[in-house]
Amino acid sequence: MRRALGNTGVALPAIGLGCMGLSDFYGPPTERRAAIRLLHQAIDLGVTHFDTAEIYGIGSTNEALLGEAFGDRRDKVFIATKFGPLRDPATGESLGIDGSAKNCRRAVEGSLRRLRTDVIDLYYLHRVDPKTPIEHTVEAMAALVAEGKVRAIGLSEASADTIRRAAAIHPVAAVQSEYSIFSRDIEASVIPACLDVGASLVAYSPLGRGMLSGRFTKDALSGDDRRNAVPRYQGDAYSANIALVDEIQSLAAAHACSAAQVALAWVLGRGEHVLTIPGTTKLANLETNLGAYGIALADEETATLDRLADRVTGNRYDEYGMTTING
Ligand code: ATR
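Quick notes on the rules
- Residues numbered from 1 in each chain as written.
- Predicted model: local features only at pLDDT ≥ 70, side-chain atom pairs only at ≥ 80, totals over all residues.
- Heavy atoms only, no water.
- Helix = DSSP H or I, 4+ residues; strand = E, 2+ residues; numbered from the N terminus.
- Rg over C-alpha atoms; globule rule 2.2 N^0.38 Å.
- Buried < 20%, exposed > 50% of the residue type's maximum accessible area, 1.4 Å probe, protein only.
- Pairing = 2+ DSSP bridges.
- Right-handed = clockwise from strand over helix to strand, strands pointing away.
- Axes fitted to C-alpha atoms, helices over the stretch in contact; angles between N-to-C directions.
- Parallel < 35°, antiparallel > 145°, perpendicular 65-115°, else oblique.
- Left-handed = near helix turned anticlockwise from the far one by under 90°.
- Contact = heavy atoms within 4.5 Å.
- Nonpolar A, V, L, I, M, F, W, Y, C, P; charged D, E, K, R; others polar.

(A) Just the overall build of the protein chain, in detail. Tallying secondary structure elements over the protein chain gives 11 helices and 12 strands in all. Against the compact-globule benchmark of 20 Å for 327 residues, the protein chain has a radius of gyration of 18 Å, which places it among compact chains. The principal-axis extent of the C-alpha atoms belonging to the protein chain is close to 50 × 45 × 35 Å. The burial tally for the protein chain puts 57% of its 327 residues in the buried class.

(B) Structural context of the pairing of strand β5 (residues 78-83). Within β5, six of the six residues are buried, which leaves it mostly tucked inside the rest of the structure. Taken together, the three bridges between strand β4 (residues 49-51) and β5 define a ladder with parallel strand orientation. Within β5, the residue paired with H49 across the bridge is F78. One crossover worth recording links β4 to the parallel β5 by way of helix α2 (residues 61-70), and it is right-handed. In the sheet, β5 pairs with strand β8 (residues 120-125) via four bridges, with the strands oriented parallel.

(C) Local environment of the pairing of β8. The buried count for β8 comes to six of six residues, which makes it a mostly enclosed element. As paired strands, β8 and strand β9 (residues 150-156) are joined by five bridges and run parallel to one another. Looking across to β9, one finds that Y123 is bridged to I153. Handedness of the crossover joining β8 and β9 through helix α4 (residues 134-146) is recorded here as right-handed.

(D) The sheet that holds β9, seen in detail. Spatial ordering of the open sheet is given by β3-β4-β5-β8-β9-β10-β11-β12, a layout of eight strands whose pairing is parallel. Every interior strand has two partners, whereas the edge strands, β3 (17-18) and β12 (274-276), have only one.

(E) Representation of the packing of α4 against helix α5 (residues 160-169) within the structure. It is at 9 Å that the axes of α4 and α5 come closest, and there the two elements cross at 45 degrees. Considered as vectors, α4 and α5 are oriented oblique to each other. Judged by the sense of rotation from one axis to the other, the crossing of α4 with α5 is right-handed. Residues I134, E135, V138 and E139 of α4 pack against T162, R165, A166 and I169 of α5. For the contact of α4 with α5, the per-class residue count stands at four nonpolar, one polar and three charged.

Pasting the structure below:
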């Protein structure tokens, strides 16, 4: 199943690979050789869309990993990366968001070097900088397109207003936001704005960071796993949310498939404008996720799943994270 990426003329398999978890946020990084093996296996399985960011992995190690894995097979992959949020390269501490032209220029040069390429297929503003008018940021990104360093531009977790203002300056190929059975806040205004400006929606965390896979247990989280700080992963909220996943599980049982596949089929079923990038560090899970192409949900099943989001307890980000979305 291939889907057009905005109005770029490029079509991509609807399921890509979110690469963040190989280096960051979900516990210790995957060992380098194992990570490279997984990236190569993904290509062999037909995955082309790989998503990374400057801030994934302390010292941008996730981009460097992709550069190492794809250096000799650049023509087989579509690489998306992002800039804007800053992190201390030594400690990983968050240092705010910089959407200035100067930072855009600095960041792209580093990303190109680490990715071992002379062009980035899709370059996103990772979070909107409230101090920099979006027009200024997009002008800087458009200059990179004109120079051939970037093929298309995108925004991540941007508001409808920002998407429209950005698109007035330069075509926006994609908006990347969290979107899943449990996280549908972008349906109110962000997705309509995407449709208006012709941008694809790239759904990240389509498995709710693992919770929707039906195979998730909180006990397995390591102490430094960032999900520990996510409200819907905490205490009573977690118990209530995991109970909702049982409803996905029973629907999956009827299809003799996994809850992860149902969760991905739901996302893909939202329309032609949606692509998704589930993250995994394991070949078996990658294969399962790609199996979602073969799952067709009946309308009444979709309606059942549609009713779950309103019953989810807790925010999808911690307090700081919530201030950076819908920017
Ligand atoms: P993100 O976009 O942030 O990566 P996600 O795609 O919603 O979030 O979920 C990623 C999480 O789901 C990861 O913790 C991943 O764990 P593994 O690296 O162990 O696979 C987990 N995950 C992905 N696919 C899965 C599957 N098919 N079954 C169980 N867990 C899965």
